[in-house]
Amino acid sequence: MEGLKRAAIVIAALIVLVLPSTAFATAFFKGPVNGGANNAGVEFRAKIKHDDPKKVVEFRWFNIPVPPNCADSFEGLQFEMKVNDRGKFHGKYSVPHTNHVATVHGKFKHHNEKAAGTIELKGSFAGGCSGDTGELPWTAKRAGT
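Report follows, based on the coordinates.

### Some words on the overall build of the protein
When its secondary structure is counted, the protein shows one helix and ten strands. Relative to its full complement of 145 residues, the protein shows a buried share of 35%. Excluding contacts between residues fewer than 6 apart, the proportion of contacts in the protein whose partners are at least 24 apart in sequence is 38%.

### Comments concerning the pattern of salt bridges
Where charged atoms of side chains with opposite charge meet at close range, the side chains can pair. What the rule picks out here adds up to six salt bridges. The salt bridge partner of E58 is R45, with a shortest N-O separation of 3.4 Å. You can see E58 sitting in strand 3 (residues 52-66) and its partner R45 sitting in strand 2 (residues 41-49), a full 13 residues away along the chain. Assessed through its relative accessible area of 32%, R45 is described here as partly exposed. We note a salt bridge from E80 to K55, for which the minimum N-O separation is 3.4 Å. Linking E80 in the loop between strand 4 (70-74) and strand 5 (81-82) with K55 in strand 3, this pair joins segments that are 25 residues apart in sequence. With a relative accessible area of 43%, E80 lands in the partly exposed category. One connected set of salt bridges, linked through shared partners, spans K30, E43, R45, E58 and R60.

### Quick word on unusual backbone geometry
Geometrically, the link from P67 to P68 is a cis peptide bond, its omega value of 5 degrees lying close to zero. Checked against the element boundaries, P68 lands in the loop between strand 3 and strand 4. The phi dihedral of H110 falls on the positive side, at around 50 degrees, and the residue is not glycine. Inspection of the secondary structure assignment puts H110 in the loop between strand 7 (99-109) and strand 8 (114-124). With relative accessibility at 53%, the residue H110 sits in the exposed group. For H111, which is not glycine, the phi dihedral falls at a positive 55 degrees. Mapped onto the secondary structure, H111 falls in the loop between strand 7 and strand 8.

### Here's the deal with the side chain of R60
Note that R60 resides in strand 3. The class for R60 is buried, based on a relative accessible area of 17%. Within the structure, the side chain of R60 is placed 3.3 Å from the backbone oxygen of G76, a separation counted as a polar contact.

About the thresholds
Residues numbered from 1 in each chain as written. Predicted model: local features only at pLDDT ≥ 70, side-chain atom pairs only at ≥ 80, totals over all residues. Heavy atoms only, no water. Helix = DSSP H or I, 4+ residues; strand = E, 2+ residues; numbered from the N terminus. Buried < 20%, exposed > 50% of the residue type's maximum accessible area, 1.4 Å probe, protein only. Contact = heavy atoms within 4.5 Å. Salt bridge = Lys/Arg side-chain N within 4 Å of Asp/Glu carboxyl O. Polar contact = N/O pair within 3.5 Å; in protein donor to acceptor, adjacent residues only side chain to side chain.

Pasting the structure below:
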């Protein structure tokens, strides 16, 4: 009987150790901003649990047009946003070592295979541009689909 108790405890401990590592998966998304002019785009990872996105992590952008003739990119890993039960997410991020802020809104669609939203950059940018990009639309598809 004592051996059965020990075996049950070992099995329970193994389940506890295994579940957290397998409960979350990540999916990579990438797509164009404002139709993809000048190769503008976004990319991010989504933490998925039971086929539902729970968090957007590593949100990045590249070649976003900033009037009158600049562009901005962010390759960092720190920008994260929680996803609500309707698949929506939003966040505001002060880009480190710069004087500009990004505001992002998004929503997962089509059984979480796609996402769409807006990105807006405000502040001062490399190249001497400053101001506001306005809300630029973006779309992204899950990689491999």
